[in-house]
Amino acid sequence: MSLVSVLSRRTGLGQAQDESPRGTQLAKRWNTLMVVLPTAVILVLGFARRWISDDGLIFTRTVRQILAGHGPVYNVGERAEASTSTVWQWLLVLVGWATGADISRIAVYLGLLCATAGYALALDATRRLYQPLAPGRLLLPAGVAVLLALPPIWDFATSGLETGLTTLWTAACWWLLVRALLHSRARVTYPLALLAGLGPMVRPDLAIASAGFLVALWFVRRPRLRAVFAHLGVAAALPVAYEIFRAGYYGVLLPLPAIAKEASGSDWRRGGTYARDFIAPYGLWLPILALSAMVVATLVVRMRPTGFKALAREDAGRTAVFVMPVIVAALMGLYVVKVGGDFMHARMMLPALFVALLPILLVPSGRLALPVASVVVVWALVCGFVLRVPYTGLSPNKIIADERGFYVDAMGIAHPVTADDYLAHYPRFPEAVRVAKSEHQHVLIYPWYDGFYVTPLKPDDPAPYAASWLNLGMSGAAVPLNGRSIDILGLASPLAAHQELTGRGRPGHEKELDIAWLFAMYAPTDAILPPGIDPLRVAQAKFALTCGDENRGKLKELQDSVTEPMSWKRFWKNLTGSVERTSFRFPNNPHEAMKKVCGVEELPEGYLEKMFTLETIPGRESS
């Protein structure tokens, strides 16, 4: 029997279904191939585009601190949660501890392994979903072809970030949900509840998907009220326990990147631009419209005899399994648009697209499915070989970046997979590393205008030296673990994260701490400031940092919450003040901060003169 014959009969284009053993066996092999082949493709494409981003290096420093025994911190002596994915952070810790390998390489290849396993699980689940609905039919690569055609999918199969883990978590939840639907006695409901509950710990915004999987599980199994509460308890146990730890240890309710990016805010216009930047370059509207038309037409055909309500009531569990991913994906995409998107091209839209396509990663062949799948595959070939973002590095508005393209182009190497690749090749940074590792000891090193300056550190700072650099991942890789990598954007700095947001720009880059705060925090009171640094602003910043009393929310207490030695008393104080502390913001301008925090317009008499050797410092004019 030829494959053409099987295709004709198994797609519904022939006169009758071929139920012969040979035809059935060939169909099973084909459907298995539809799981194996796309999984192999994502593995190959992800490996071909392997890299680690600067943000990925931020993860690796925290992981190295944990493995060194310093706890989940970015800098020793300051409790700051710089990681948005708790599960990814601790997974890297586990693998790093077990293997002793370079953490940046682990982040790259473990991310690829997670992404590959995620595709295998998701495709297998969708294959199983259609077995009782279309027995013996060949499955066509519809939704998965869309994913495999997109260059951002290849890029973020690695990157050192949690995207691969997000794919695996989503796929595992999907696999368990499908199994719960198909096997009424399968004991998967509590494992699914536990796994779904981890969503916010994989990424905070995955809480939407967590809720979706739990609601769909309820429709599938319809448990009694007691069992509902039991499942909710299982789902909430780890996230609630970690949230208590986070509030007591870090003193806030959210990771610092969420505070720095004002994740509860709205910027619909910038978010719309971000969505268009993802959809337009690849003509993504075409496969979306084609697949949507197929789904709608199939639904209409199925509704004709009884109507939608009757169809939904007839098998509410199956309906929920098919509908839930679409609703969840729409909400996830809407949330990304609401908060203004991201600065990395397409990255934040990929999880929503993956969720939306789960029920149609593979579709049973038929008179409608075959031409639609053909259109999608043709588009996928054109997209994969031809279509790319229309800019190199930064977009024309300087807000979004083709992140991998930017760093590969800047460093001139195809696969930057280690911190050493960045330290040796990123423009200007090798010189910064040389300065940091030179004969200087116990100094603050920072870029200023077109060079690097060195100022002594305050005597009681135990760090051998401190360095400030806009690219936090690189800075963290260059500075030793007992040194201080200073973040001025708020991703790993409680002070910078709690600045007031005064304007919208690149997400995650909108709060750039005034350099006066660096000298106020880290320089001795008799420091000689470089040209262009106003000593009055430094003095105002220092006064704002120290004038507060023990009231929660003041700058002094904010600093105490992350620098005082951890004790049960400090933990309780952090925990009870976490809500107010999370919402606290202060002006970046030192003078305005002094007025808001200290309630004074002017510095105390003689305060400035006691701090600095003013006769050697140019530019004393008031701010």
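Everything here concerns the structure above.
## Regarding the overall build of the protein chain
For step 1, the next point in the chain: Within the protein chain, the secondary structure is distributed over 31 helices and 6 strands.
For step 2, the next point in the chain: For the protein chain, buried positions account for 56% of its 623 residues.
For step 3, the next point in the chain: For the protein chain, contacts bridging at least 24 residues in sequence account for 72% of all contacts bridging at least 6.
For step 4, the next point in the chain: Of the roughly 26300 Å² of accessible surface on the protein chain, 63% is carried by carbon and sulfur atoms.

## A few points about the pattern of salt bridges
For step 1, the next point in the chain: In the structure shown here, the tally under the stated rule is 23 salt bridges.
For step 2, the next point in the chain: For the salt bridge of Arg270 with Asp267, the shortest nitrogen-to-oxygen distance reads 3.7 Å. As far as the burial class goes, Arg270 and Asp267 line up, both buried.
For step 3, the next point in the chain: In this structure, Glu510 and Arg270 form a salt bridge, with 2.6 Å as the shortest nitrogen-oxygen distance. Of the two residues, Glu510 sits in the loop between helix H24 (494-497) and helix H25 (515-522) while Arg270 sits in helix H14 (residues 268-279), which places them 240 residues apart along the sequence.
For step 4, the next point in the chain: Judged by relative accessible area, which is 15%, Glu510 ranks as buried.
For step 5, the next point in the chain: According to the relative accessible area criterion, Arg270 is buried, its value standing at 9%.
For step 6, the next point in the chain: Salt bridges here are not isolated pairs; linked through shared partners, they connect Glu162, Arg203, Asp205 and Arg347.

## Some remarks on the packing of aromatic side chains
For step 1, the next point in the chain: Tallied over the entire structure, the rule returns 18 aromatic pairs.
For step 2, the next point in the chain: Between the aromatic rings of Tyr407 and Tyr426, the centroid separation amounts to 5.8 Å while the plane-to-plane angle is 45°, which identifies the pairing as tilted. Of this pair, Tyr407 sits in helix H20 (residues 403-411) while Tyr426 is found in the loop between helix H21 (419-425) and helix H22 (429-436), placing the two residues 19 residues apart along the sequence. Each member of the pair Tyr407 and Tyr426 is classed as buried.
For step 3, the next point in the chain: Taken together, Tyr242, Phe245, Tyr249 and Tyr250 form an aromatic cluster joined through their ring pairs.
For step 4, the next point in the chain: It is Arg61 that lies over the ring of Tyr74; its NZ or CZ is 5.2 Å from the centre.

## Thoughts on the environment of Ala275
For step 1, the next point in the chain: One can find Ala275 in helix H14.
For step 2, the next point in the chain: We classify Ala275 as buried; its relative accessible area is 13%.
For step 3, the next point in the chain: Sequence separation of Ala275 and Met348 is 73 residues, and the distance between their C-alpha atoms is 9.4 Å.

## Regarding the packing of helix H4 (residues 86-99) against helix H5 (residues 103-130)
For step 1, the next point in the chain: As a packed pair, H4 and H5 sit with axes 10 Å apart at the nearest point and diverge in direction by 115°. With respect to the hand of their crossing, H4 and H5 are arranged in right-handed fashion. Within the contact between the two elements, H4 uses Trp88, Leu91, Leu92, Val95, Gly96 and Thr99 and H5 uses Ile103, Ile106, Ala107, Leu110, Gly111 and Cys114.
For step 2, the next point in the chain: Among the residues making up the contact of H4 with H5, the classes are represented as 9 nonpolar, 3 polar and no charged.

## Quick notes on the environment of Ala477
For step 1, the next point in the chain: By secondary structure assignment, the location of Ala477 is in helix H23 (residues 472-478).
For step 2, the next point in the chain: Taking C-alpha positions, Ala477 is 6.1 Å from Ala419, a pair spaced 58 residues apart along the chain.
For step 3, the next point in the chain: Once you skip the residues sitting within four places of it in the chain, Ala477 turns out to touch Arg64, Ala419 and Leu423.

Conventions and cut-offs
- Residues numbered from 1 in each chain as written.
- Predicted model: local features only at pLDDT ≥ 70, side-chain atom pairs only at ≥ 80, totals over all residues.
- Heavy atoms only, no water.
- Helix = DSSP H or I, 4+ residues; strand = E, 2+ residues; numbered from the N terminus.
- Buried < 20%, exposed > 50% of the residue type's maximum accessible area, 1.4 Å probe, protein only.
- Contact = heavy atoms within 4.5 Å.
- Areas by Shrake-Rupley, 256 points an atom, 1.4 Å probe, with all protein chains shown as cover.
- Salt bridge = Lys/Arg side-chain N within 4 Å of Asp/Glu carboxyl O.
- Phe/Tyr/Trp six-rings, centres within 6.5 Å; stacked < 30°, edge-to-face > 60°.
- Lys NZ or Arg CZ within 6 Å of the ring centre and 35° of its normal.
- Axes fitted to C-alpha atoms, helices over the stretch in contact; angles between N-to-C directions.
- Left-handed = near helix turned anticlockwise from the far one by under 90°.
- Nonpolar A, V, L, I, M, F, W, Y, C, P; charged D, E, K, R; others polar.

The values are spatial; any link to function lies outside them.
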